[in-house]
Amino acid sequence: MRLLLPYLLVILSVFFEPQVCKAQSFGLQFASSEVVQEARTGLNLIVGEPISFSQDFNISFDLAFCRDQDEYFGYILRLVTEKNEHIDLIYDNNPQTKNHLKLVVEEKDVEFPYPFDKGTYFEKWAKIVLIYSVRNNCLTLKVGKQSHVIHLKRPLNLFWKVLFGANEIPTVKTTDVPPMQLRDVEVAKDLKLTYKWPLNEQGGSAVAEIITGKEGSVSNPIWVRQMHTNWTSIKQFNLKGPASVAFDANNDVIYIIGRDSLYSLAGKKKFSTALPYRSGPFNLMRGNQSYYESGSDRLYNIYIDQATFSVFNFQDRSWDKAAKPVNRLTDFWHFNKYFSPVEHVFYLFGGYGHFSYKGMIRRYDPVSKTLSIIKPSAGSYVPRYLAALGGTENGAYILGGYGSPTGKQILNPRALYDLLYFDVRTKSIRKIYEFNNTAEDMVFANSLIVDEKNDTYYGLVYPNTTFKSRLRLVRGSLSKARWTSLANEIPYSFQDTKSFSDLFYSKKSRRFFAVTIFTDEADISTVSIYSLAAPPLAAEQVQSKAGRRISVIAILIGISAVILLVAYSVFKNRKRLDKKHAAGIIESAELTTVNAEDTALTEPGMPIEFEAAPIEHLDFKPYKNVSAIYLFGDFQMFDNEGNDITRHFTPLVRELFLVVLLYTFQWDTGISSDKLKELLWSDKSSDSARNNRAVNIAKLKSILSRIPGCEISRESGTWQILTDSTKVRVDYYDYLMLVRNKKGVDKKKIEQLAEITKRGNILSTSDYEWLDAIKSDISNEIIDTYLHYANATPVANDPEFLVKLAGYIFKIDSVNEEAMVLKCKALVHLGKHSLAKTTFGTFCREYRLIYDVDFNRDFQQILE
């Protein structure tokens, strides 16, 4: 039975794989009059041949309309014969009628005699069915529970092409397309489902039919799933001087405040206005922020250093005041702002400037124009910047940031992962929870989107340790320390005194907006605006509990195959079935699902979340009574009884396991199916790659069933290797916990790192093209960690250990100049001059051999 397990898993995964979630998280959106004619969307359900309609038939589909479009007229459905006879279903946007749905048949248009208006179907689907009866020679148009029968003069032709939206067929060609969304197209003959197109693709122009396998095609597609997983760049432009951003949530308008003009973007459209200031240039200081207060419809610009709260007059196109020009930079980079709807005042938190993090709260009253300071209770608020804040009626949530308990940059600054709540009634701050440190320092865009009713927030996180950073949307809980990554990433050039990022949400258009601003050395600000449809989904999430309907035939075939395999196994082996679980379960992870009926921003099928497991103290004792995975040196895997199970990996399954494991640990996100195809099956078609992936993942699951506490999972949307650190020790994970916290590196940790890497470099005998860059990065990271300790340790303090440390580096890089200098100086300090010269001579020979040039310094120079 164990040998049959991979095949059983493959069969079950093929026939019972959970499918795309319902509501408006999949489907096809049609580009309409908002684009030029040749860019509009057209769908042809079966390419190259018509569909035979020799019996009674019906065509059904779900239809919805898109908001905020100027024109809604167009062809929803066209049935076309080879003789160019056609039946058309049209949305007629004539304002004189409420019955906008029309059927054109036998050269006559027939109005659907019931109210049908686009506005009803912005947020929900209309089920539309077109039914033909051969016996009665009539067409029935059914929308929901309402129907209308049309009697025909002559029988219909037997063969039809089924087209939606635009098409290029001569004599019936059209580019009149309503801005609509479509999904779940079905064709039934004599009440038997014959064809089904779910329209759940994530990209491309091919459309899958899941019963017969005949593909359709689409031109200029806008896949709805991509709208929920891929951020779309909707505008990028440059401004002279600093810039800031504000959002009017009531009217769905993004404002960009510049020195010369106020720019506005309505929803997802292009900029509709650029209002030059009539009062002349507005003195915007670097580090300023802006805020739109929807209660009073006021746009504020805030510069804390001068206690300047400027208000924009939209009628006069002028600001009531401006900050005074000064040469000194702000003390409040990346502060957070909260406007209390109860008190009608601003509260300002944190900030950074001149090597100091700010820990005071500033309260500004727009009526009295007074600024006062509130001192939080001791220990309740670590001075910080780069935090996220989300306001509510009675207070504000503050998440994370970067700072120091003392406020001084020179005294142990670090990333913060606490969720705090500021209560406006008591003027106090309390901690709700704190995340464990992530492997890489992460900070936050300026705003949180808070939904207290559903215990949820959304925010943008990014690493602050690199210039070419990436913003990532996360959904977290307001009561439990966990978050889930959603959608793809946004490129973000980050330098704290030149960059700014923010997140907004529009209830009107059900979209998130991310805004980044970067001001370069030439004082030019680049503003980039991105949008994402709600609810946001994980970039690779295609699963839901409900799933789509699976044909009875497919289910019976799957069940039959499983029964036959089980029967064969029993007959062949006549052994007791192994009742052991096929896969280890991570006991320490708490699983949570989101109830779609209880939240406005989520829906059924959102990713299952894993609560972050605690990072334990690394004592690096020998692995006893736990399973072990070694990546340094040769790849090896041992179960909790010490048995080496490495031999069970085929070369491809081994590579699959390693790439998923490294992507899980290195980037905390796992790896997408598309990326797996690119790395492992780039020479295969999508179907072939999918089948290969299913087979090899089934094999991998079978192997990992021997390792309690280790499994491959796709619950978060990407493939990940999940491990329980109490049951499985992974040397690469232990390594990451050391090298990513260089501030705490001491002699003991250097020895621990050397103990991990003494087996050799990472996967030293594995030769994969995708692994080269990872190997290089890890080698550099190890050397940097060693040198970080060496540079902080005077040679006279511990010369013997520094000699040993240089040896560790030489194992990775035999011509590392800093290691050679370190070793020579340490040996000289120990009085071992001849060994120092021998070390130098060996280094020079290796250098010459590798680079074909002589080393350009002599022995005396390196000792200076």
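Residues numbered from 1 in each chain as written. Predicted model: local features only at pLDDT ≥ 70, side-chain atom pairs only at ≥ 80, totals over all residues. Heavy atoms only, no water.

Concerning the overall build of the protein chain
So, point 1. When helices and strands are tallied, the protein chain shows 13 helices and 52 strands.
So, point 2. Burial status across the protein chain gives 53% buried among its 864 residues.
So, point 3. A separation threshold of at least 6 residues defines the contact pool for the protein chain, and within that pool the share at least 24 residues apart is 59%.
So, point 4. Carbon together with sulfur atoms contributes 50% to the accessible area of the protein chain, which is approximately 39,800 Å² in total. (Helix = DSSP H or I, 4+ residues; strand = E, 2+ residues; numbered from the N terminus. Buried < 20%, exposed > 50% of the residue type's maximum accessible area, 1.4 Å probe, protein only. Contact = heavy atoms within 4.5 Å. Areas by Shrake-Rupley, 256 points an atom, 1.4 Å probe, with all protein chains shown as cover.)

Quick word on the pattern of salt bridges
So, point 1. Applying the stated criterion to the full structure yields 23 salt bridges.
So, point 2. One salt bridge in this structure joins Arg848 and Asp852, with 4.0 Å as the shortest N-O distance.
So, point 3. Residue Asp852 is classed as exposed on the basis of its relative accessible area, which comes to 55%.
So, point 4. Beyond isolated ion pairs, a larger network of salt bridges with shared partners links Asp62, Lys127 and Arg183. (Salt bridge = Lys/Arg side-chain N within 4 Å of Asp/Glu carboxyl O.)

Describing the sheet that holds strand β49 (residues 636–638)
Strand pairing in a sheet relies on backbone hydrogen bonds, with the paired strands running either antiparallel or parallel.
So, point 1. Reading across the sheet, the three strands line up as β49-β48-β52 and stay open at both edges, with mixed pairing between neighbours. The two strands at the open ends of the sheet, each matched to only one other strand, are β49 and β52 (728–730). Here the strands of the sheet are splayed against their neighbours by 10 degrees on average, with no regard to which way each runs.
So, point 2. Here strand β48 (residues 627–630) pairs with β52 via three bridges, running parallel. Residue pairing across strands places Ala628 opposite Arg729, the latter belonging to β52.
So, point 3. The sheet strands contacting helix α7 (residues 731–739) are β48 and β52, and the helix crosses β52 at an angle near 60 degrees. (Pairing = 2+ DSSP bridges. Axes fitted to C-alpha atoms, helices over the stretch in contact; angles between N-to-C directions.)

Describing a nonpolar patch on the surface
So, point 1. Taken together, the side chains of Leu849, Ile850, Tyr851 and Val853 make up a nonpolar region of the molecular surface, amounting to roughly 420 Å² of accessible area.
So, point 2. Take Val853: it is sitting in the loop between α12 (833–851) and α13 (859–863).
So, point 3. Judged by relative accessible area, Val853 falls into the partly exposed class, the value being 41%. (Patch = residues over 30% accessible without salt bridge, like charges linked within 9 Å, V, L, I, M, F, W, Y side chains within 5 Å.)

Some remarks on the pairing of strand β42 (residues 483–493)
So, point 1. Bridge count between strand β41 (residues 468–477) and β42: eight bridges; the pairing is antiparallel. Residue pairing across strands places Leu473 opposite Leu486, the latter belonging to β42.
So, point 2. Here β41 hands over to β42 after five residues, the two strands then running antiparallel side by side.

Re the packing of helix α4 (residues 651–667) against α7
So, point 1. Where α4 contacts α7, the axes come no closer than 10 Å and their chain directions differ by 20 degrees. When the axes of α4 and α7 are compared, the pair comes out roughly parallel. Between α4 and α7 lies a crossing whose hand is right-handed. Across from Leu662, Phe665 and Gln666 in α4, the residues of α7 making contact are Tyr732, Tyr733 and Leu736.
So, point 2. Per-class residue counts for the contact of α4 with α7 are five nonpolar, one polar and no charged. (Parallel < 35°, antiparallel > 145°, perpendicular 65-115°, else oblique. Left-handed = near helix turned anticlockwise from the far one by under 90°. Nonpolar A, V, L, I, M, F, W, Y, C, P; charged D, E, K, R; others polar.)

Points about the sheet that holds strand β23 (residues 289–293)
So, point 1. The four strands lie next to each other as β23-β24-β25-β26, forming an open sheet whose pairing is antiparallel. Where the open sheet ends on each side, the last strands, each with one partner, are β23 and β26 (318–319).
So, point 2. Of the pairings in the sheet, the one linking strand β24 (residues 298–303) to strand β25 (residues 308–313) comprises four bridges and is antiparallel in character. Across the sheet, the residue bridging to Ile302 is Phe309, located in β25.

Brief notes about the environment of Thr646
So, point 1. Relative to the helices and strands, Thr646 resides in the loop between β49 and α4.
So, point 2. For Thr646 and Ile703, which are 57 residues apart along the polypeptide, the C-alpha to C-alpha distance reads 9.3 Å.
So, point 3. A polar side-chain atom of Thr646 sits 2.9 Å from the main-chain amide nitrogen of Met637. (Polar contact = N/O pair within 3.5 Å; in protein donor to acceptor, adjacent residues only side chain to side chain.)

Some remarks on the nonpolar core
Most often, soluble globular proteins have nonpolar side chains that are buried together.
So, point 1. Ile629, Leu631, Phe657, Tyr732 and Tyr735 are the most contacted members of the largest nonpolar core, which totals 79 residues.
So, point 2. The element best represented in this core is α4, accounting for 10 residues.
So, point 3. If you look at the next biggest cluster of nonpolar residues, it comprises 50 residues, including Leu79, Phe116, Leu156 and Val177. (Core = buried A, V, L, I, M, F, W, Y, C linked by side-chain atoms within 4.5 Å.)

Description of the side chain of Asn58
So, point 1. Structurally, the position occupied by Asn58 is in strand β4 (residues 57–65).
So, point 2. Setting aside anything within four residues of it in sequence, one finds Asn58 in contact with Val129, Leu130, Ile131, Glu186, Val187 and Ala188.

Observations concerning the packing of α4 against helix α5 (residues 673–680)
So, point 1. Relative to each other, α4 and α5 sit at 135 degrees, their axes nearing to 11 Å. When the interaxial angle is binned, α4 and α5 end up oblique. Where α4 crosses over α5, the two elements pack in a sense that is right-handed. Counted together, Glu655, Leu656, Val659, Val660 and Tyr663 of α4 and Lys675, Leu676, Leu679 and Leu680 of α5 form the full contact between these two elements.
So, point 2. Taken together, the residues that form the contact of α4 with α5 break down as seven nonpolar, no polar and two charged.

Some details on the confidence of the model for the protein chain
So, point 1. For the protein chain, mean pLDDT is 82; residues scoring 70 or higher make up 85% of the total.
So, point 2. Note on residues 1–24: pLDDT under 50 across the span, and 77 contacts to partners over four residues away in sequence or across chains.
So, point 3. Long-range and interchain partners of residues 541–557, a stretch whose pLDDT sits below 50, account for 38 contacts in this model, where long-range means more than four residues apart. (pLDDT = per-residue confidence, 0-100.)

As for the pairing of strand β34 (residues 388–391)
So, point 1. With four bridges connecting them, β34 and strand β35 (residues 395–403) associate as antiparallel partners. The partner of Gly390 across the bridge, within β35, is Tyr397.
So, point 2. Remark: three residues form the turn of the hairpin made by β34 and β35, two consecutive strands paired antiparallel.

Description of helix α10 (residues 799–812)
So, point 1. Between its terminal C-alpha atoms α10 stretches 21 Å, which fits the 20 Å expected from 14 residues at 1.5 Å a residue.
So, point 2. All buried positions along α10 are accounted for by Pro799, Phe801, Leu802, Val803, Leu805, Ala806, Tyr808 and Ile809.
So, point 3. Close packing links the buried residues of α10 with α8 (747–757), α9 (771–791) and α11 (817–829). (Expected span 1.5 Å × (residues − 1).)

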